[in-house]
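Structure assessment
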Amino acid sequence: MSHEEQLQALRKYLKVRNKRYTVERESILELISDIEGRFSIVDLYQKAKKRDMVHAASTLYRNIYTFVDAGFLTEIKLREGETVFESNLNNKSEFMLCVGCGRLTRIDLPALEGLENRICKEYRFHSTSRVYQLRGYCEDCNA
Ligand SMILES: [Zn+2]
């Protein structure tokens, strides 16, 4: 999913829900679109600071769940009580994109991983990323 497509999905998602498209939200999208692995709000805050993005940690707290709701992030509650997030926008995620409301739904496809391994082995191909994406309408939009 290109950055342009991510922006489009975010805009659509916010518009359908009468939420404002803000500069803060756009730069948070930029931050999470190339983040690898699990991260906490503190990690995100430090990343923002490194890029000279001026965000109060409270801005990140306030907006992060918009991205969880939109399916861009998955929230993971650790046993120790800590909450971390994982981006669904990185290059090894599979998801369905609703073109009606912009919501992303992550899909876990272990079978796809097996298939990828088989193909790579057969062609002696070393894969570094993959794109698997279904586009259509979610249950709500389809109703
Ligand atoms: Zn939808």
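Definitions and cut-offs
- Residues numbered from 1 in each chain as written.
- Predicted model: local features only at pLDDT ≥ 70, side-chain atom pairs only at ≥ 80, totals over all residues.
- Heavy atoms only, no water.
- Donors = N, O, S within 2.8 Å, 3.2 Å for Na, K, Ca; no water.
- Tetrahedral: all angles 85-135°; square planar, octahedral: opposite > 155°, others 65-115°.
- Pairing = 2+ DSSP bridges.
- Helix = DSSP H or I, 4+ residues; strand = E, 2+ residues; numbered from the N terminus.
- Axes fitted to C-alpha atoms, helices over the stretch in contact; angles between N-to-C directions.
- Salt bridge = Lys/Arg side-chain N within 4 Å of Asp/Glu carboxyl O.

A few words on the coordination of the zinc ion. Only Cys 98 (SG), Cys 101 (SG), Cys 138 (SG) and Cys 141 (SG) from the protein reach the zinc ion as donors, at distances of 2.3 to 2.4 Å. Viewed at the metal, the four donor atoms of the zinc ion are separated by angles of 104 to 114 degrees, and the geometry they form is tetrahedral.

On to the sheet that holds strand S4 (residues 94-98). The strand order S5-S4-S6 describes an open sheet built from three strands, whose pairing is mixed. Taken across any chain shown, the strands that pair with only one partner, and hence form the sheet edges, are strand S5 (104-106) and strand S6 (132-136). Here the strands of the sheet are splayed against their neighbours by 20 degrees on average, with no regard to which way each runs. Alignment of S4 against S6, held across five bridges, turns out to be parallel. Paired with Met 96 across the two strands is Leu 134, which belongs to S6.

Right, let's get into the pattern of salt bridges. In total, this model carries four salt bridges according to the counting rule given. Salt-bridge contacts for Glu 86 lead to Arg 38; the nearest nitrogen and oxygen are separated by 3.5 Å. Placement of Glu 86 in strand S3 (residues 83-87) and of Arg 38 in strand S1 (residues 38-39) is noted, with a sequence separation of 48 residues between them. In this structure, Arg 106 engages Glu 86 in a salt bridge whose closest nitrogen and oxygen atoms are separated by 3.2 Å. On the criterion of sequence distance, the pair formed by Arg 106 in strand S5 and Glu 86 in strand S3 is long-range, its members being 20 residues apart. Overlapping salt bridges, with partners in common, bring together Arg 38, Glu 86 and Arg 106 in one network.

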